[in-house]
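These are the residues of each chain, in order.
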Amino acid sequence: MNRQSWTVETGVGLFLLIGLVCVAYLSFNLGDVRLWGGGDYMVHARFSNVSGLKKKASVTMAGVEIGRVEDIRLEDGDAVVTLRIYGVPLEEDVIASIKTMGIIGDKYIAVSAGASDERIPPNGWIRETQPPLDVEELIGRFVFGSMEKK
Amino acid sequence: MTDVWHLLNQLGRWGLNHVRGTGRAGVFLYETVRGIFRPPKKFHSVVRHMYFIGTKSFFVIGFTAAFTGMVLGLQGYYTLSKFGSEGLLGAAVALSLIRELGPVLSALMVTGRAGSAICAEIGIMRIEEQIDALECMAIDPHAYLVSPRLVASLIALPLLTAFFDVVGIVGGYLVGVALLGVNPGAYVDGMQKSVEWVDVSMGIVKSILFALLFLWICTYKGYYAGVDEGRFGPEDVSRATTDAVVISSVAILVGDYVATSLLL
């Protein structure tokens, strides 16, 4: 093996190594690709209204991200949201509510911890849900003076 | 009357030449792709071309990427600070690099550095009748000359694009965080929250498309340098090289628009 071919092959090897490391960083760190799932599981939640919630929105518990919104679909007039949970066990009586980051921020799902000993199995359902606060309706009621309680 | 006939003749010849050229370019690409699976074996040839297209482009790509990221950091900071949202700088820099600037700028730089050289090399082989000699020896010139370069560029350009993205993000970080005082946690967190796999895959698909485009055009122009004119001189190679770089650059920008509209 002469010196010239050693240089070429080393150069290409170095190029491949650096390029693949960059691809891996972009895919796994930034692109959030999970090769083996890492104990992820799905749960479903039924909401009367999910206005403003988008796919890939965060699912948090105590402010810490524990999953993402995987899918939103309509079923019997209600919105059914499928959540991908990153391996955190959820008690059977957790409450999922749709909240907003700041005043004009994106919608996300906040899950408050439950007290039950039972866990929600994969593909199970969150029973207690709260739809997002309808700010427009509240402002409308305030502005137009219809303050009767619903 | 003869002038009108002459004009019509010229118009017809111009149209036919372009139709013939387009068809020939299509057949050229078909022969090149088919040549990947035909003898001779290409491993060492692919490695040699990857060294030329990939390894030797490292510095120019690194410099371009660093300064692109730095200028994005500067511009982004002054725009975002008007709205008090400097924390979004990481997301702005990373998304612009990964979705658009990384694939396009690295393809343009590689076209300028490697595409022109490839075109000139194959063009010189044409005017020195080396391609005819290959055909005389029953060696398929497409499989021998063009296919290894196509494989090498299809592997090298996506990797160079990823390198461009990462160096650009670091450049944006240096300017945004070290120079202008953006919160480092906000920069990295904003980037990680906003970049999705679909953005990364879009960049990779685009860079594969651009690799195919620039190599196809540069090798085609070199392969047929001076053939239509019927004379094989150095000026035909230089004209082919200029055409190759100009057409490739325009094709990359047009291809970028088409790919973005299809992938979004």
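For clarity, every value in this text was computed on a predicted model and none was experimentally measured. (Residues numbered from 1 in each chain as written. Chains lettered and ligands numbered in written order. Predicted model: local features only at pLDDT ≥ 70, side-chain atom pairs only at ≥ 80, totals over all residues. Heavy atoms only, no water.)

1. A word on the pattern of salt bridges
Residue and element names in this part refer to chain A.
Now for step 1: Scanning the entire structure with this criterion turns up 20 salt bridges over all chains.
Now for step 2: Between R46 and E75 there is a salt bridge, with the nearest N and O atoms lying 3.3 Å from each other. A residue pair is termed long-range when its members are at least 10 positions apart, and R46 in strand β1 (residues 41-47) and E75 in strand β3 (residues 64-75) qualify at 29 residues.
Now for step 3: For R68, the salt bridge identified is with E65, shortest N-O distance 3.6 Å.
Now for step 4: A residue is classified by how much of its surface remains accessible, and R68, at 11% relative accessible area, is buried.
Now for step 5: Overall, the relative accessible area of 30% leaves E65 in the partly exposed class.
Now for step 6: The network of salt bridges with shared partners includes R46, R73, E75 and D78. (Salt bridge = Lys/Arg side-chain N within 4 Å of Asp/Glu carboxyl O. Helix = DSSP H or I, 4+ residues; strand = E, 2+ residues; numbered from the N terminus. Buried < 20%, exposed > 50% of the residue type's maximum accessible area, 1.4 Å probe, protein only.)

2. What about the sheet that holds strand β5 (residues 95-100) of chain A?
All names here are of chain A.
Now for step 1: Spatial strand order, β7-β1-β4-β3-β2-β6-β5-β8: 8 strands in an open sheet with mixed pairing. The open sheet is flanked by β7 (124-126) and β8 (128-130), the only strands paired with a single partner. Neighbour to neighbour, the strand axes of the sheet diverge by 35° on average, direction disregarded. (Pairing = 2+ DSSP bridges. Axes fitted to C-alpha atoms, helices over the stretch in contact; angles between N-to-C directions.)

3. A closer look at the packing of aromatic side chains
Residue and element names in this part refer to chain B.
Now for step 1: A complete count under the given rule lists 10 aromatic pairs over all chains for this structure.
Now for step 2: Ring centres of F63 and F67 lie 6.5 Å apart, and the angle between their planes is 5°; this geometry places the pair in the stacked category. Here F63 and its partner F67 are both found in helix α3 (residues 58-80), 4 residues apart, which amounts to about one turn of the helix.
Now for step 3: Geometrically, the ring pair formed by Y77 and Y78 is edge-to-face, given 5.5 Å between the ring centres and 85° between the ring planes. (Phe/Tyr/Trp six-rings, centres within 6.5 Å; stacked < 30°, edge-to-face > 60°.)

4. Quick notes on the domain arrangement of chain A
Now for step 1: Taken domain by domain, chain A comprises domain 1 (1-33) and domain 2 (41-139).
Now for step 2: Taking only C-alpha atoms into account, the centre of domain 1 of chain A sits 41 Å from that of domain 2 of chain A. (Domains from an automatic or database assignment.)

5. So, the interface of chain B and chain A
Now for step 1: Taken together, the contacts link 25 residues of chain B with 22 residues of chain A.
Now for step 2: Here chain B meets chain A over a buried area of about 2,100 Å², counting both sides, of which 78% is carbon and sulfur.
Now for step 3: In terms of surface lost to chain A, no three residues of chain B exceed Y51, L159 and W197 of chain B, which account for 24% of the buried area on that side.
Now for step 4: The interface formed by chain B and chain A holds 2 salt bridges in total.
Now for step 5: A salt bridge links E196 of chain B to R68 of chain A; its shortest N-O distance comes to 3.7 Å.
Now for step 6: Inspection of the region where chain B meets chain A yields 1 residue pair in polar contact (both at pLDDT 80 or more). (Contact = heavy atoms within 4.5 Å. Buried area = accessible area lost by both parts, 1.4 Å probe. Polar contact = N/O pair within 3.5 Å; in protein donor to acceptor, adjacent residues only side chain to side chain.)

6. Examining the UniProt feature "transmembrane region" (unreviewed entry) in chain B
Now for step 1: With numbering aligned to this structure, UniProt lists the feature "transmembrane region" (unreviewed entry) at residues 58-78, 155-182 and 203-224 of chain B.
Now for step 2: Annotated as residues 203-224 of chain B, this span is 95% helix and 0% strand, and its ends, taken at the C-alpha atoms, are 32 Å apart. (UniProt positions renumbered as here; feature names shortened; annotations may be inferred.)

7. Some words on the packing of helix α1 (residues 2-36) of chain B against helix α6 (residues 141-179) of chain B
Residues and elements named next belong to chain B.
Now for step 1: At a minimum axis distance of 8 Å, the contact between α1 and α6 shows a crossing angle of 85°. Between α1 and α6, the angle falls in the class roughly perpendicular. Only H142, A143, V146, S147, L150 and V151 of α6 make contact with α1, whose side of the interface consists of F28, E31, T32, V33, G35 and I36.
Now for step 2: Here the contact of α1 with α6 is composed, by residue class, of 7 nonpolar, 4 polar and 1 charged. (Parallel < 35°, antiparallel > 145°, perpendicular 65-115°, else oblique. Nonpolar A, V, L, I, M, F, W, Y, C, P; charged D, E, K, R; others polar.)

8. Regarding the pairing of strand β6 (residues 107-112) of chain A
All names here are of chain A.
Now for step 1: Two strands pair when backbone bridges link them, and strand β2 (residues 58-61) and β6 are joined in this way by 2 bridges, in the parallel orientation. Looking across to β6, one finds that T60 is bridged to A110.
Now for step 2: Where β5 meets β6, 6 bridges bridge the pair, whose relative direction is antiparallel. Considered in β6, the bridge of I95 is made with S112.

9. A closer look at unusual backbone geometry
Residues and elements named next belong to chain B.
Now for step 1: One non-glycine residue, E129, adopts positive backbone phi at about 60°.
Now for step 2: Despite not being glycine, A138 has its phi angle at roughly 60°, a positive value.
Now for step 3: Position of A138 relative to the elements: it lies in the loop between α5 (130-136) and α6.

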